[in-house]
Amino acid sequence: MDFSQVAFPKAPVRADDLQYIVDCIRRGQCCSLVGPSNTGKSLLLKSLLTPDVCQRCMRRVTRPPIVVFIDYLEAGDSEQAFYELLLRCILGALEASDIPESIVATLRTLYSDVLDTATDVVIRSLFAKSMRELMQGTQSALIIILDEFDDIFRTLAPWPFRQLRVLRDTYDSRLCYVAATSRRLERLRSDVDTYEFRELFQPCTRMLRPLHIVDAEYFITYLARERGHSLRREHVALVSALSGGHPGLIECIYDLLYGGRQTPPTSMESAIAELSEQWLIQQECRRLWDEIDEGEREGLLALTREGTLGPGVGRYGLESKGLVVKQEGGRLIIFSPVFEAFVRQELSKQRQSVRRGLWCDEDAKRVWLNGQEVTQLSTDQYALLEFMCRRPGKICTKDEIAQEVWSCWAEEGITDAQIYQLVKRVRNKIEPEPLNPRYIVTVRGRGYRLEMSSN
């Protein structure tokens, strides 16, 4: 099914994704749109408000649905704020429709009561009454779009979501929810109290991946036309390749490379080098990085560090979101060379932040060397390292070592040979070259000294 350009208020792309949502609504199913930051979720969902798309959502022998768009970034952090915004947006949609004025007036009164009420129990009752009056007063289907739904779903008490589920069960396919989040609902919240609400979306969840090459190049051409520019074919292809099809990166890269410049770069290498230092690119990549799960971030770091990505939840999430793609031969790469440059910067920061040298976590009874735990230490070996770590750079005499490590037997006499053998065994576990020690250094005739760094 082809959509006219008026179906896309800002950018005429993602017709397949829009068709998926329309098909769900026509079947009377709730659906969830999941995608990282700035992949175009909001713009896509706003297309449902246009007459062309709204008409296509209509099922046979029914009236066109009432479509309500709610941006939950506007909501506060209370139940009252949740219901207030929802009812306010419903009223706005009704006032623009041909719903009888008597129904609209009733909802206005109930909305005012919600504003004036301080008790959550009463507010829930008023909201339920508002929905009952609306659904009984019209035969139209109601589509409620829950955009930017992440924070409100993650933090709010479960009652509003239970109520939305009850309403869905009551009115069935006449009431559909379309939720837009950066993560799957079960990744945002997995408590029992919201399970039945999340269950509504499990059969129909659409992952919003970066644009495929045809849509990406169409979007770039659209941007050029909107800005009054004329781009050569190779420049369009360069922006598409650099961005990997991510709409937010496309806009940033386009404006930085071709926003009025006389001599934009033409090679991939020079463009990556220039863009990776730009604040706008850093901000866009940071937003994307922060919105993916920790396991997915670790997967990207591993892919950058080792060139491979093992199986697991992180890999599944990255592939489903289109953040890693397969080349010919099956090798995985990060979807955008610009985002890959950002990941390399994160890897470099991680390496720099690793504590260098030898140190002891006395509370956890663990010893670390350059970020790696030193394992399989005996009690005596740990006692030696713990004592020396408390005195970095200072000479630890043999008598002091004997007292610290073998306090119960020190009076009976600990030989130099016993201390030497203990130090030798520890060196074998921590020194890159035990015969040329960097960390536990011998001070001839006096004892040993711990160098915290190998430099």
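The structure reproduced in this document is the subject of the present report. (Residues numbered from 1 in each chain as written. Predicted model: local features only at pLDDT ≥ 70, side-chain atom pairs only at ≥ 80, totals over all residues. Heavy atoms only, no water.)

### A word on the overall build of the protein chain
- Looking only at helices and strands, the protein chain features 21 helices and 13 strands.
- The C-alpha atoms of the protein chain give 31 Å as radius of gyration, which overshoots the globular expectation for 455 residues (23 Å, by more than 25%).
- The principal-axis extents of the C-alpha atoms in the protein chain amount to approximately 100 × 60 × 35 Å.
- Within the span of the protein chain, comprising 455 residues, buried residues form 48% of the whole.
- A separation threshold of at least 6 residues defines the contact pool for the protein chain, and within that pool the share at least 24 residues apart is 65%.
- Element-wise, carbon and sulfur atoms account for 48% of the exposed surface of the protein chain, whose accessible area totals about 22600 Å².
- Counting 59 positive and 64 negative side-chain charges, the protein chain places the averaged centre of each group 3 Å from the other. (Helix = DSSP H or I, 4+ residues; strand = E, 2+ residues; numbered from the N terminus. Rg over C-alpha atoms; globule rule 2.2 N^0.38 Å. Buried < 20%, exposed > 50% of the residue type's maximum accessible area, 1.4 Å probe, protein only. Contact = heavy atoms within 4.5 Å. Areas by Shrake-Rupley, 256 points an atom, 1.4 Å probe, with all protein chains shown as cover. Lys, Arg positive; Asp, Glu negative; His and termini not counted. Charge placed at Lys NZ, Arg CZ, Asp CG, Glu CD.)

### Notes on the sheet that holds strand β11 (residues 395-397)
- In space, the 3 strands of this open sheet follow the order β11-β13-β12, with antiparallel pairing throughout. The open sheet is flanked by β11 and β12 (440-443), the only strands paired with a single partner. With direction set aside, neighbouring strand axes in the sheet form an average angle of 35°.
- For β11 and strand β13 (residues 447-450), the ladder comprises 3 bridges, and the chain directions are antiparallel. Bridge pairing in β13 places Cys 396 opposite Tyr 448.
- The sheet strands contacting helix α21 (residues 416-430) are β12 and β13, and the helix crosses β12 at an angle near 145°. (Pairing = 2+ DSSP bridges. Axes fitted to C-alpha atoms, helices over the stretch in contact; angles between N-to-C directions.)

### As for the nonpolar core
- If you look at the biggest cluster of nonpolar residues, it comprises 48 residues, and the most contacted ones within it are Tyr 72, Phe 82, Ile 144, Phe 149, Tyr 177 and Phe 197.
- In terms of residue count, the dominant contributor to this core is helix α4 (residues 79-95) (10 residues).
- Within the second largest apolar cluster, 42 residues are counted, among which are Leu 211, Leu 275, Ile 292 and Leu 309. (Core = buried A, V, L, I, M, F, W, Y, C linked by side-chain atoms within 4.5 Å.)

### Structural notes on the environment of Thr 50
- Tracing the backbone shows Thr 50 in the loop between α2 (41-46) and α3 (51-56).
- By relative accessible area, Thr 50 is classed as buried at 11%.
- Distance from Thr 50 to Val 67, taken between C-alpha atoms, is 9.4 Å for residues 17 residues apart in sequence.
- For Thr 50, the side chain forms a polar contact with the main-chain oxygen of Ser 47, separated by 2.7 Å. (Polar contact = N/O pair within 3.5 Å; in protein donor to acceptor, adjacent residues only side chain to side chain.)

### What about the sheet that holds strand β9 (residues 366-369)?
- One open sheet accounts for 3 strands, arranged β8-β9-β10; its pairing is antiparallel. Lying at the two open borders of the sheet, with one neighbouring strand each, are β8 (358-361) and β10 (372-374). Sheet twist, expressed as the average angle between the axes of neighbouring strands with direction ignored, equals 35°.
- Relative to β10, β9 runs antiparallel, the two sharing 3 bridges. Each residue of the ladder has a partner; that of Val 367, found in β10, is Val 374.
- Contacts from helix α19 (residues 379-389) reach β8 and β9 within the one sheet, and its direction differs from that of β8 by about 105°.

### Let's talk about the pairing of strand β2 (residues 66-71)
- Summarising burial for β2: 5 of the 6 residues are buried, a large majority.
- Pairing of β2 with strand β3 (residues 142-147), which is carried by 6 bridges, proceeds in the parallel orientation. Each bridged residue has a counterpart across the sheet, and for Ile 66 the counterpart in β3 is Leu 142.

### Let's talk about helix α20 (residues 398-405)
- Every buried residue belonging to α20 is among Ile 401, Ala 402 and Val 405, and all of these are buried. Down the axis of α20, the sector holding all buried residues measures 100°, keeping them to one side.
- Taken together, the buried residues of α20 touch α19, β11, α21 and β13. (Arc of directions from axis to C-beta.)

### Overview of the environment of Leu 115
- Its place among the elements puts Leu 115 in helix α5 (residues 101-116).
- If sequence neighbours within four positions are ignored, Leu 115 has contacts with Gln 80 and Glu 84.

### Brief notes about helix α11 (residues 213-226)
- In this model, α11 (14 residues) spans 20 Å end to end at C-alpha, consistent with the 20 Å of a helix rising 1.5 Å per residue.
- What α11 keeps buried is the set Asp 215, Ala 216, Glu 217, Phe 219, Ile 220, Tyr 222, Leu 223 and Ala 224.
- Residues of α11 that are buried sit in contact with α1 (15-26), α12 (233-243) and α13 (247-258). (Expected span 1.5 Å × (residues − 1).)

### Considering the pattern of salt bridges
- Within this structure, the stated rule accounts for 34 salt bridges.
- Put simply, Glu 79 and Arg 124 hold a salt bridge, and the shortest N to O gap is 2.8 Å. A residue pair is termed long-range when its members are at least 10 positions apart, and Glu 79 in helix α4 and Arg 124 in helix α6 (residues 120-137) qualify at 45 residues.
- Here Asp 169 makes a salt bridge to Arg 165, at a shortest N to O gap of 2.9 Å. A residue pair is termed a helical-turn pair when its members lie 3 or 4 positions apart in one helix, as Asp 169 and Arg 165 do in helix α8 (residues 159-171) at 4 residues.
- Asp 169 gets classed as partly exposed once you look at its relative accessible area, which sits at 49%.
- Each of Glu 362, Lys 365, Glu 386, Arg 390 and Glu 404 takes part in a single network of salt bridges with overlapping partners. (Salt bridge = Lys/Arg side-chain N within 4 Å of Asp/Glu carboxyl O.)

### Observations regarding the packing of α19 against α21
- One way to put it is that α19 packs onto α21 with a least axis distance of 10 Å and a crossing angle of 80°. The pairing of α19 with α21 is recorded here as roughly perpendicular in orientation. Contacts between α19 and α21 involve Asp 380, Gln 381, Leu 384 and Leu 385 from the first element and Leu 422, Val 423, Arg 425, Val 426, Lys 429 and Ile 430 from the second.
- In terms of residue class, the contact of α19 with α21 is built from 6 nonpolar, 1 polar and 3 charged. (Parallel < 35°, antiparallel > 145°, perpendicular 65-115°, else oblique. Nonpolar A, V, L, I, M, F, W, Y, C, P; charged D, E, K, R; others polar.)

### Focus: the state of the cysteines
- Taken as a whole and assessed by the stated rule, the structure comprises 0 disulfides.
- Looking at Cys 89, it has no disulfide partner, and the nearest cysteine sulfur is the one in Cys 54, 16 Å off.
- Among the residues examined, Cys 89 registers a relative accessible area of 18% and is labelled buried.
- You can see Cys 285 has no disulfide; the closest cysteine sulfur is in Cys 252, sitting 8.4 Å from it.
- Judged by its relative accessible area of 2%, Cys 285 is buried. (Disulfide = S-S within 2.5 Å.)

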